[in-house]
Amino acid sequence: MAGTRGFILIVEDDDDLRHLMKTYLLREGYDVCTAEDGGQAKEALGQKTFQLAVLDLMLPQSDGLEVLRYIREKGNTPVLIVSSKSDEVDKIVGLRMGADDYLTKPFGLGEFTARVQALLRRFLELNRPAAAGSSALVHGPITIDPDTREAQVYGEPVELTAKEFDLLKVLMQNPNRVFSKAQLFRSVWQQDYMFDENTIMVHIRRLRAKIEPNPSEPVWIQTVWGIGYKLGKAGDSSSSFS
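All values derive from a computational prediction rather than experimental measurement.

Criteria and cut-off values
- Residues numbered from 1 in each chain as written.
- Predicted model: local features only at pLDDT ≥ 70, side-chain atom pairs only at ≥ 80, totals over all residues.
- Heavy atoms only, no water.
- Axes fitted to C-alpha atoms, helices over the stretch in contact; angles between N-to-C directions.
- Helix = DSSP H or I, 4+ residues; strand = E, 2+ residues; numbered from the N terminus.
- Parallel < 35°, antiparallel > 145°, perpendicular 65-115°, else oblique.
- Left-handed = near helix turned anticlockwise from the far one by under 90°.
- Contact = heavy atoms within 4.5 Å.
- Nonpolar A, V, L, I, M, F, W, Y, C, P; charged D, E, K, R; others polar.
- Core = buried A, V, L, I, M, F, W, Y, C linked by side-chain atoms within 4.5 Å.
- Buried < 20%, exposed > 50% of the residue type's maximum accessible area, 1.4 Å probe, protein only.
- Pairing = 2+ DSSP bridges.
- pLDDT = per-residue confidence, 0-100.
- Phe/Tyr/Trp six-rings, centres within 6.5 Å; stacked < 30°, edge-to-face > 60°.

For the pair helix α6 (residues 162-173) and helix α7 (residues 181-189), the least separation of the axes is 10 Å and the interaxial angle reads 120°. When the interaxial angle is binned, α6 and α7 end up oblique. Regarding α6 and α7, the two cross each other, and that crossing is right-handed. Across the interface between the two elements, K163, D166, L167, V170 and L171 from α6 touch L184, S187, V188 and W189 from α7. Here the residues of the contact of α6 with α7 sort into six nonpolar, one polar and two charged.

As a further point, take the nonpolar core. Soluble globular proteins: nonpolar side chains tend toward being buried together. Grouped together as the largest cluster of nonpolar side chains are 28 residues, with contacts concentrated most on I142, L167, L168, L184, I200 and I211. Secondary structure elements with two or more residues in this core: α5 (109-126), β7 (142-145), β8 (150-153), α6, α7, α8 (197-211) and β12 (228-231). If one sorts the elements of this core by residue count, α6 sits on top with six residues. By size, the runner-up hydrophobic cluster in this structure holds 20 residues, among which are C33, A53, L68 and I81.

Pairing is antiparallel across the open sheet formed by four strands, whose spatial order is β6-β7-β8-β9. Both edges of this open sheet fall to β6 (137-139) and β9 (156-158), since each of them pairs with a single strand only. Neighbour to neighbour, the strand axes of the sheet diverge by 25° on average, direction disregarded. In this structure, β6 lies alongside β7, joined through three bridges in antiparallel fashion. Counterpart to V138 in the pairing with β7 is T143. Taken strand by strand, α6 contacts β6, β7 and β8, and its axis lies near 110° from that of β7.

It is worth spelling out the sheet that holds β12 at this point. Strand order in this open sheet of three strands is β10-β12-β11, and the pairing throughout is antiparallel. Edge positions in the open sheet fall to β10 (179-180) and β11 (221-224), since each of these has one partner strand only. Pairing between β11 and β12: four bridges, direction antiparallel. The residue of β12 that forms the bridge with T223 is Y229. Lying on the sheet, α6 is in contact with β10, β11 and β12; it crosses β12 at an angle near 65°.

Here we come to the confidence of the model for the protein chain. The predicted coordinates ought not to be read in detail in places where the model reports low pLDDT. Considering every residue of the protein chain, the mean pLDDT works out to 84; 87% of them sit at 70 or more. For the stretch residues 235-242, pLDDT sits under 50, and the model shows 13 contacts to residues farther than four places along the chain or on other chains.

Right, let's talk about the packing of aromatic side chains for a bit. Counting across every chain of the model gives three aromatic pairs. With centroids separated by 4.9 Å and ring planes inclined at 45°, the aromatic side chains of F7 and F50 adopt a geometry described as tilted. A residue pair is termed long-range when its members are at least 10 positions apart, and F7 in strand β1 (residues 7-11) and F50 in the loop between α2 (38-47) and β3 (52-55) qualify at 43 residues.

With that out of the way, let us pick up the pairing of β12. In this structure, β10 lies alongside β12, joined through two bridges in antiparallel fashion. Along β12, the bridge assignment pairs F179 with Y229.

This next bit is on unusual backbone geometry. A cis amide bond links K105 with the next residue in sequence, P106, at an omega value of -10°. Position of P106 among the secondary structure elements: in the loop between β5 (101-104) and α5. In this structure, Q61 takes a positive phi of about 60° despite not being glycine. With respect to the secondary-structure elements, Q61 resides in the loop between β3 and α3 (64-74).

Our next topic: the environment of R121. Relative to the helices and strands, R121 resides in helix α5. In the structure, R121 is positioned 19 residues away from G140 in sequence and 9.2 Å away in space, judged by C-alpha atoms.

Below, the structure written as structure tokens:
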């Protein structure tokens, strides 16, 4: 399942650069898969659904343009080309073949991360489910429909138990509110809170495991120490780099 901010494929044959890009994106909260050549890239694209592909043009086996063509045959996954080819003609060819952005090497990792964020934000806004109408609740990449009791993260269905769904619904209906454990218990279980913190904690932990990329460092269901829980802000980025 895609993570909190998106599932990204990096296709780059330079080991150092591939590792560096992956490290930065992991620290930003993304799920990342990597490929060293065009063959590995096609194999990964055939097995998983990605929200973004970062694609070098000069690759062993299948070159980057061939991989780009393969991506466009499968769907509308955003593609960020990163290439040492700086000629305007190369950029035009890549963009006309379906790339969404083009970044020339060498580049700063701050600019790289910003372009990734912009492409993902635009893609997610354009692909949010519209069929659910007024009943749908949307917060960042999370969408739930109280009528059908269906949940999605980055467009991928997530199977929630009845209580997990109700907990998430309460938080999403009140995105700016901090809830105590007692308030959540009464809202979801419709019973008086009997100081059984374990019930809430277990369900929150299970819910995080299904919607967070790293449940031990949650982004969407945040703990407010000494009080309870709140919903993380959509689009918030707390990571910083030196």
